[in-house]
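If you want the building blocks of each chain, they are given just below.
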2 protein chains.
Amino acid sequence: MSTEDLLRLDLQLCFPLYAASRAMVQAYTPLLAKLGLTYPQYLVMLVLWETDGVTVKELGEKLYLDSGTLTPLLKRLETQGFVRRERSTEDARSVTVSLTPQGRALRRKAASIPEAIVCRTGLTLEELARLRKDVQRLFEKISK
Amino acid sequence: MSTEDLLRLDLQLCFPLYAASRAMVQAYTPLLAKLGLTYPQYLVMLVLWETDGVTVKELGEKLYLDSGTLTPLLKRLETQGFVRRERSTEDARSVTVSLTPQGRALRRKAASIPEAIVCRTGLTLEELARLRKDVQRLFEKISK
DNA sequence: TCCAATTCAGTTGCGCGCAATTCAATTGTG
DNA sequence: CACAATTGAATTGCGCGCAACTGAATTGGA
């Protein structure tokens, strides 16, 4: 393949990835708006619904986001009444994030979202699982 | 699969897509920084290197971005001296974006980037082509 | 024990993305 | 032709992402 070809927009992997990621977030947006969440906020809630009481650092490791992104995002979730943020007693450098009852309750309202998105893709669960694995593999290759 | 499972972060397609897309942009960032470009600016340049003299609307259609994103981005490219923006004479509502000699020259400097990224993924061109097609198909399904 | 190095969250600054709005130019219809 | 509807770019406002930095708390080595 020539350099010319490699510089063509439609032949690069990155652009479809970038476009698909944004389109995915846009598909979630109206569903999440009903809960009062943005997509990154939803990701934080997914982590907390699975493991309540995590530090900002742990959230960052799971979501690949830094404190510059998480701190203001968590403050907004706190203002909304979905989470509490408190300095850890055993290590005062870290901050523990935990769900409020309201934050826990939100999980039920979110329960219907994944299926709605799966339907939207029009792919079978097998196709989705394979694509997810491929994209994950790509991510691992790139991110080191 | 249960609702519980569907809400698990690691089982969703969207999160790996989101993480991979950001990781990809991060892989481009140091290479593009040498040219004075961000990743979205690079996408605009890719379009212009292929088809010089396009309107903001056409750019938006190719990149799935609106004027709210493009107008300030194009102003920054203009300030850098890579593009010119001028009101169309036949339709004064639209603005035509074209390359400056400096913008055209940038293409040669960018020529080595796609291959560097391909190497970074550690995938064969066949694997990349297949993944690109799958992601494109997903994008088309979602974005309507 | 002391103190330099590290860690963790927070802050600042900037460039997207995108919804919503504005305004001027153009188009289409009676 | 008139004028309402549409189109295209620009603007505003907000929430990310992320690099770079700050400052406080903790750790680890001499």
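Starting from 1, residues in each chain are numbered consecutively following that chain's sequence as written. All chains are assigned letters beginning with A, and all ligands numbers beginning with 1, in the order in which they are written. For a predicted model such as this one, the threshold for reporting local features is a pLDDT of at least 70, and the threshold for listing and counting side-chain atom pairs is 80 or more; totals across whole chains, interfaces and linings nevertheless cover every residue. As a convention, hydrogens and water are excluded, and side-chain values are obtained from all of the structure's heavy atoms.

1. Comments concerning the sheet that holds strand S3 (residues 95-99) of chain B
Residue and element names in this part refer to chain B.
1) Next: Any two strands with at least two DSSP bridges between them are considered paired. A run of DSSP states H or I qualifies as a helix once it reaches four residues; a run of E qualifies as a strand once it reaches two. Both are numbered from the N-terminal end. What the three strands build is an open sheet, ordered S1-S3-S2; its pairing is antiparallel. Two strands close off the open sheet at either side, each with one partner strand: strand S1 (54-55) and strand S2 (83-87).
2) Next: The sheet contact formed by S1 and S3 spans two bridges and is antiparallel. Across the sheet, the residue bridging to Thr55 is Thr96, located in S3.

2. Some thoughts on the nonpolar core
1) Next: For our purposes a nonpolar core is just a set of buried Ala, Val, Leu, Ile, Met, Phe, Trp, Tyr and Cys residues, chained together by side-chain atoms within 4.5 Å. Burial here depends on accessible area, computed with a 1.4 Å probe over protein chains only, as a share of the maximum for the residue type. Under 20% is buried, over 50% is exposed, and the range in between is partly exposed. Core analysis: the largest hydrophobic core is formed by 98 residues, its most contacted members being Tyr42(A), Met45(A), Tyr42(B) and Met45(B).
2) Next: Two residues qualify as a contact provided that any one of their heavy atoms is within 4.5 Å of a heavy atom in the partner residue. Setting aside residues no more than four positions away along its own chain, Tyr42(B) makes contact with Leu7(A), Gln12(A), Tyr28(B), Leu32(B), Leu37(B), Trp49(B), Ala110(B), Ile113(B) and Pro114(B).

3. Brief notes about the protein's contact with DNA strand D
1) Next: For this purpose, a residue is taken to be near a molecule or strand whenever a single non-hydrogen atom of the residue falls within 4 Å of it. Around DNA strand D, 28 residues are found, and the nearest of them are Thr38(A), Tyr18(B), Gln26(B), Ser67(B) and Lys75(B).
2) Next: Taken together, the sugar and phosphate atoms account for 77% of what DNA strand D places within 4 Å of the protein.
3) Next: The backbone of Lys57(B) places a nitrogen or oxygen atom 2.7 Å from a phosphate oxygen of DNA strand D.
4) Next: The set of elements that each furnish at least two residues to the surface near DNA strand D consists of helix H3 (39-50) and helix H5 (67-80) of chain A together with helix H2 (14-33), helix H4 (56-63), helix H5 (67-80) and S2 of chain B.
5) Next: Under the scheme applied here, ten amino acids are nonpolar (Ala, Val, Leu, Ile, Met, Phe, Trp, Tyr, Cys and Pro), four are charged (Asp, Glu, Lys and Arg), and all others, including Gly, are polar. Partitioning the surface near DNA strand D into residue classes produces seven nonpolar, 10 polar and 11 charged. Distance and chemistry together define a polar contact, namely a pair of N or O atoms within 3.5 Å, with one atom able to donate a hydrogen and the other to accept it when in protein, and with adjacent residues in sequence counting only for side-chain atoms on both sides.

4. Side note on the relation of the copies chain A and chain B
1) Next: Take chain A, turn it by 180°, move it 0.0 Å along the axis, and it overlays chain B with an RMSD of 0.0 Å. Such a turn and shift between the copies fits a two-fold axis.
2) Next: A symmetric contact is evident, with 100% of the interface residues of chain A recurring at the interface of chain B. We superpose the copies by least squares over the C-alpha atoms of residues that have a pLDDT of at least 70 in both of them.

5. Concerning the packing of helix H2 (residues 14-33) of chain A against helix H3 (residues 39-50) of chain B
1) Next: Interhelical geometry of H2(A) versus H3(B) gives an angle of 120° and a closest axis separation of 12 Å. Here H3(B) runs oblique to H2(A), going by the angle between their axes. Crossing hand, H2(A) versus H3(B): left-handed. The segment H2(A) lies against H3(B), with Cys14(A), Phe15(A) and Tyr18(A) engaging Tyr39(B), Pro40(B) and Leu43(B).
2) Next: Of the residues in the contact of H2(A) with H3(B), the class split is six nonpolar, no polar and no charged. What counts as an axis is a line fitted to C-alpha atoms, over the stretch in contact for a helix, and the angles between N-to-C directions run from 0 to 180 degrees. When describing relative orientation, an angle under 35 degrees is termed roughly parallel and one over 145 degrees roughly antiparallel, while 65 to 115 degrees is termed roughly perpendicular and anything else oblique. Left-handed describes a crossing whose near helix is turned anticlockwise from the far helix by less than a right angle; the clockwise case is right-handed.

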